[in-house]
Amino acid sequence: MQKKPRCIIASVMVSLFILAAVRAQDEMMVVNDPAFKDLRRPPAVFRHDEHNETAQIEDCNECHHVYDEAGQLVEDESSEDQRCSDCHELQASGDKPALMKAFHLNCKGCHQEKKKGPVMCGQCHVRGFAWAE
Ligand code: HEC
Ligand code: HEC
Ligand code: HEC
Ligand code: HEC
């Protein structure tokens, strides 16, 4: 009878793993960039596809941008295969804002400009928001 509990634990772990893998394919619900260690705030609510549809943002590179060496925005290229943190480090470097600032400038910046979308800390960093990842 010694082996049975282990068997059950093992199969529960396998199911959880499969569940996690299936969920990971679902739409992104929050921004949770792994470059931030020990989050001070809950991850920011961001239902990627739904957000961009409602906000009527046509170009992926509105957020997933590419700059050339001279610091000029490259119009018809995008960096959606990269995380913001692949380029933006925790500290600013040159004209490149630090990671947290990059998010705040991008997200809040547009909301302020459009006078639509949340601008208060707790509206983006929502406590207790259930997200699957
Ligand atoms: C309003 C800003 C914004 C727009 C517009 C946008 N994205 Fe994103 N996208 C993000 C952010 C933020 C992340 C998370 C990046 C990170 O974790 O560093 C992300 C992540 C992704 C990812 C990887 C994460 C995943 O599992 O989904 C893909 C792929 C992606 N975006 C594709 C696209 C494509 C394709 C478009 C255009 C149709 C697009 N994005 C438009 C902000 C945006
Ligand atoms: C391929 C590298 C790269 C990726 C990926 C990237 N950035 Fe940037 N970003 C840069 C560079 C380089 C600059 C500085 C441009 C300059 O010289 O002014 C910049 C500037 C910015 C700025 C300030 C200028 C502006 O456009 O408003 C913001 C905000 C910003 N990035 C947000 C983001 C966010 C949010 C993401 C992820 C969705 C992201 N960046 C992904 C390279 C990148
Ligand atoms: C280019 C403009 C733009 C950018 C960039 C942008 N947003 Fe928005 N966002 C909007 C607009 C416009 C709305 C209002 C949409 C509506 O309800 O009409 C909105 C609404 C929202 C909402 C409330 C509605 C919802 O989808 O839950 C949240 C949360 C939000 N944005 C989060 C973010 C985050 C987080 C980022 C950065 C990763 C971001 N936004 C970047 C334009 C933008
Ligand atoms: C429009 C949405 C939005 C608003 C408003 C906003 N943030 Fe953020 N913030 C973000 C996003 C997106 C990130 C990246 C989240 C991640 O990857 O976990 C972020 C990251 C952070 C981080 C770094 C990650 C962490 O938890 O340590 C801190 C700290 C933070 N925000 C604090 C604040 C504070 C304080 C305010 C109000 C003054 C605020 N934010 C307002 C969207 C927002």
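Right, let's walk through the structure included here. Everything quoted here is computed from the prediction, not taken from an experiment.

1. Focus on the site of ligand 3
No. 1: Taken together, 16 residues lie around ligand 3, and Arg47, His51, Cys107, Cys110 and His111 are the ones closest in.
No. 2: Here an oxygen atom of ligand 3 and a side-chain polar atom of Arg47 are 3.2 Å apart.
No. 3: Within the side chain of His111, a nitrogen or oxygen atom sits 2.8 Å from a nitrogen atom of ligand 3.
No. 4: Secondary-structure elements contributing two or more residues to the shell around ligand 3 are α2 (48–54) and α3 (99–114).
No. 5: The dominant element in the shell around ligand 3, judged by the number of residues it contributes, is α3, at four residues.
No. 6: Its residues placed into classes, the shell around ligand 3 shows eight nonpolar, five polar and three charged.

2. A word on the coordination of the iron atom of ligand 3
No. 1: The iron atom of ligand 3 binds to the protein through His51 (NE2) and His111 (NE2); the donor distances cover 2.0 Å.
No. 2: Of the residues examined, His111 reaches a relative accessible area of 14% and is grouped as buried.

3. What about the site of ligand 2?
No. 1: In the vicinity of ligand 2 lie 16 residues, with His65, Tyr67, Cys84, Cys87 and His88 positioned nearest.
No. 2: One of the side-chain nitrogen or oxygen atoms of His65 is found 2.8 Å away from a nitrogen atom of ligand 2.
No. 3: Between His88 and ligand 2, the recorded distance is 2.8 Å, taken from a side-chain N or O atom to a nitrogen atom.
No. 4: Counted by class, the shell around ligand 2 contains seven nonpolar, six polar and three charged residues.

4. Focus on the coordination of the iron atom of ligand 4
No. 1: At this site the iron atom of ligand 4 is bound by His104 (NE2) and His125 (NE2), with donor distances of 2.0 Å.
No. 2: If you look at the iron atom of ligand 4, its six donor atoms make angles of 88 to 180 degrees with each other, and the shape they trace is octahedral. Here His125 lies in the segment after α4 (121–124) and His104 lies in helix α3, a separation of 21 residues in the sequence.
No. 3: Looking at His104, the relative accessible area reads 32%, which means it is partly exposed.

The rules behind each value
- Residues numbered from 1 in each chain as written.
- Chains lettered and ligands numbered in written order.
- Predicted model: local features only at pLDDT ≥ 70, side-chain atom pairs only at ≥ 80, totals over all residues.
- Heavy atoms only, no water.
- Near = heavy atom within 4 Å.
- Polar contact = N/O pair within 3.5 Å; in protein donor to acceptor, adjacent residues only side chain to side chain.
- Helix = DSSP H or I, 4+ residues; strand = E, 2+ residues; numbered from the N terminus.
- Nonpolar A, V, L, I, M, F, W, Y, C, P; charged D, E, K, R; others polar.
- Donors = N, O, S within 2.8 Å, 3.2 Å for Na, K, Ca; no water.
- Buried < 20%, exposed > 50% of the residue type's maximum accessible area, 1.4 Å probe, protein only.
- Tetrahedral: all angles 85-135°; square planar, octahedral: opposite > 155°, others 65-115°.

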